[in-house]
Amino acid sequence: GADFAFAGSSSANTIHNQTKAGIVSSSITNPAAAVDVTALNTGRIEALSGGAAVSGSVGVGLAVSVNRIGNTTEAYVDGSAVGTKYDIGNLKVNAIGENTIKSAAVGVGGGADVGVAGSTATNYNSSNTKAYITNGAVVKAQNNVGIIAKTDDKITNLAGAAGIGISAAGVGASVTVNVISGDTQAYISGAGTKVSALATGDAQTVDNGKLTGSVDL
């Protein structure tokens, strides 16, 4: 075969989405109404990069994968029409961010003398998820008001390298970096904002915020 062989590949993927659902400066008068304001943002990256080189003397294989998700999800009730309010049965303001990265980077280098292989996979998963009532909104619910923000981000990653040298040396190295970050907030804000729930019917079920298992990286 050839005295020297080189093979390499790279994969770079980015998602930046903004998903918003809201009611702005409105009014509703229906004590039986169930009002649901939901924003759902799902970003998904599946990436594969690989490099394989085989030579009669020296073979070098490299693979690089870089993936980023940075999404914003907001659900909100912003203000009420002048002199009015939201007179309803139930209100749910629900923001959900669910982003997933699956990546693999594999490098293989083989040579009769020297084989060198390297791979690196870097994944950043960052979500900002907010649910809120603000800016002077006046809400009177006969039953429940739920303000719920949920983020469920996941990274699944594989990085590997194999260097095969028959007579001299085989070198393989791989590096992986995974980062999950972001803010998840549910709140009521604004000096003139008023929210009341009279709880005259069934209770609303919500998560308690506790982890039921290990962190899924």
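In this text the structure is predicted, and so the values were computed from the model without any measurement.

Definitions and limits used
- Residues numbered from 1 in each chain as written.
- Predicted model: local features only at pLDDT ≥ 70, side-chain atom pairs only at ≥ 80, totals over all residues.
- Heavy atoms only, no water.
- Helix = DSSP H or I, 4+ residues; strand = E, 2+ residues; numbered from the N terminus.
- Rg over C-alpha atoms; globule rule 2.2 N^0.38 Å.
- Contact = heavy atoms within 4.5 Å.
- Lys, Arg positive; Asp, Glu negative; His and termini not counted.
- Charge placed at Lys NZ, Arg CZ, Asp CG, Glu CD.
- Phe/Tyr/Trp six-rings, centres within 6.5 Å; stacked < 30°, edge-to-face > 60°.
- Buried < 20%, exposed > 50% of the residue type's maximum accessible area, 1.4 Å probe, protein only.
- Core = buried A, V, L, I, M, F, W, Y, C linked by side-chain atoms within 4.5 Å.
- Salt bridge = Lys/Arg side-chain N within 4 Å of Asp/Glu carboxyl O.

Trainee: Please clarify how the overall build of the chain should be interpreted in this entry.
Mentor: Looking only at helices and strands, one finds 0 helices and 11 strands in the chain. N-terminal to C-terminal, the α/β element order of the chain is β-β-β-β-β-β-β-β-β-β-β. In terms of C-alpha radius of gyration, the chain reaches 26 Å, well past the compact-globule figure of 17 Å for 217 residues. When the backbone C-alpha atoms are referred to their principal axes, the chain occupies close to 85 × 30 × 25 Å. Considering only contacts within the chain whose residues lie at least 6 apart along the sequence, 85% involve residues at least 24 apart. For the chain, the centre of its 12 positive side-chain charges and the centre of its 14 negative side-chain charges are spaced 10 Å apart.

Trainee: Looking at this model, I keep getting lost on the packing of aromatic side chains. Mind explaining?
Mentor: Geometry of an aromatic ring pair is reported as the spacing of the ring centres plus the angle between the planes. What the rule picks out here adds up to 2 aromatic pairs. Between Tyr76 and Tyr132, the ring centres sit 5.5 Å apart and the planes meet at 15°, which makes this aromatic pair stacked. Taken together, the residues Tyr76 in strand S4 (residues 58-80) and Tyr132 in strand S6 (residues 114-134) connect sequence positions 56 residues apart. Across the pair, Tyr132 and Tyr76 agree in class, each one buried.

Trainee: How should I be thinking about the nonpolar core in this particular structure?
Mentor: Soluble, globular proteins show a tendency: their nonpolar side chains are buried together. Ranked by internal contacts, the top residues of the largest apolar core, which has 18 residues, are Val35, Val77, Ile88, Leu91, Val93 and Ile133. Sorting the residues of this core by element identifies strand S2 (18-26), strand S3 (28-55), S4, strand S5 (86-111), S6 and strand S7 (138-141) as the ones contributing at least two each. For this core, the element with the most residues is S5, which contributes 5 residues. The contacts of Val93, once residues within four sequence positions are left out, are Val37, Ala75, Tyr76, Val77, Ala131, Tyr132, Ile133, Gly146, Ile147 and Ile148. Formed by 6 residues, the second largest nonpolar core is a distinct cluster that contains Ile15, Ile45, Ile69 and Ile155.

Trainee: So what exactly am I meant to see when it comes to the environment of Thr205 here?
Mentor: Tracing the sequence through the fold places Thr205 in the segment after strand S11 (194-197). Measuring from C-alpha to C-alpha, the distance between Thr205 and Gly146 comes to 9.2 Å, with 59 residues separating the pair along the chain.

Trainee: Would you take a moment to explain the pattern of salt bridges for this structure?
Mentor: Opposite charge on two side chains allows them to pair when their charged atoms are near. On inspection of all chains with the given rule, the structure shows 1 salt bridge. Measuring nitrogen to oxygen at the nearest pair gives 2.9 Å for the salt bridge that ties Arg44 to Glu46. With relative accessibility at 47%, the residue Arg44 sits in the partly exposed group. Residue Glu46 is classed as exposed on the basis of its relative accessible area, which comes to 57%.

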